[in-house]
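# Chain and residue survey
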Amino acid sequence: MYYQSFYPYQPFQSFQDESELSRATKSMDSRFFGVEEGFLAGNIVRSEYLPYKNYRVPKLNPKNDRESKLYNLLALYDYSHDLNLILDVYPTDKEALALFTEINNQYKKAREEYVKQYGPLMAEDARDENGMFNYITTPSPWIAR
């Protein structure tokens, strides 16, 4: 096409960081990006991602353990949501279903760890060991400490 002569296609630059987030889809044979790549690019399907001109997505650097765990939660949730949308359209896709199950389990485990260490993220997380609703008594995640 005419516009491609001005802005040639630049393939996505994969990240060099081998983090826990990209463990699920390490294989380049997979049609899906890893969790962190998909989160930063805003799309988990390799064949559908087209970068804008020469733009490179900056890597986010959490300042502490809490931000790192929250970033991990956001990435895992976003990835599982995208897989859920893919499964809505292609319900017999075995690769997407297996990946959805794996990512969803990772998300649930990471969320439980975060809630146990830093307090509730949502109202349903706000029950203490006595069965009391303690959402009001714990600081909200967006309040600086």
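This text follows the structure it describes.
This write-up is about the structure you can find in this document.

The rules we used
- Residues numbered from 1 in each chain as written.
- Predicted model: local features only at pLDDT ≥ 70, side-chain atom pairs only at ≥ 80, totals over all residues.
- Heavy atoms only, no water.
- Core = buried A, V, L, I, M, F, W, Y, C linked by side-chain atoms within 4.5 Å.
- Buried < 20%, exposed > 50% of the residue type's maximum accessible area, 1.4 Å probe, protein only.
- Helix = DSSP H or I, 4+ residues; strand = E, 2+ residues; numbered from the N terminus.
- Axes fitted to C-alpha atoms, helices over the stretch in contact; angles between N-to-C directions.
- Parallel < 35°, antiparallel > 145°, perpendicular 65-115°, else oblique.
- Left-handed = near helix turned anticlockwise from the far one by under 90°.
- Nonpolar A, V, L, I, M, F, W, Y, C, P; charged D, E, K, R; others polar.
- Phe/Tyr/Trp six-rings, centres within 6.5 Å; stacked < 30°, edge-to-face > 60°.

The next thing to look at is the nonpolar core. The biggest cluster of nonpolar side chains holds 20 residues, and the ones touching the most others in it are F32, I44, Y79, L83 and I103. A total of eight residues in this core trace back to one element, the largest contributor, which is helix α3 (residues 94–118). Core analysis: the second largest hydrophobic core is formed by six residues, F33, L40, V57 and Y71 among them.

This paragraph deals with the packing of helix α2 (residues 65–89) against α3. Two quantities define a packed helix pair, namely the angle between the axes and the distance from one axis to the other. Relative to each other, α2 and α3 sit at 150 degrees, their axes nearing to 9 Å. Viewed along their axes, α2 and α3 adopt a mutual orientation that is roughly antiparallel. At the point where α2 passes α3, the crossing takes the left-handed sense. A breakdown of the residues in the contact of α2 with α3 according to their chemical character gives 17 nonpolar, six polar and four charged.

Applying the stated rule across the entire model yields four aromatic pairs. Geometrically, the ring pair formed by Y77 and Y107 is tilted, given 5.7 Å between the ring centres and 50 degrees between the ring planes. Of this pair, Y77 sits in helix α2 while Y107 is found in helix α3, placing the two residues 30 residues apart along the sequence. For Y77, a relative accessible area of 47% puts it in the partly exposed group. Relative accessible area serves as the criterion here: at 10%, Y107 is assigned to the buried category. Judged by centre distance (5.1 Å) and plane angle (45 degrees), the rings of Y114 and Y118 are tilted. With Y114 and Y118 both in helix α3 and four residues apart, the pair spans about one turn of that helix. Residue Y114 is classed as buried on the basis of its relative accessible area, which comes to 1%.

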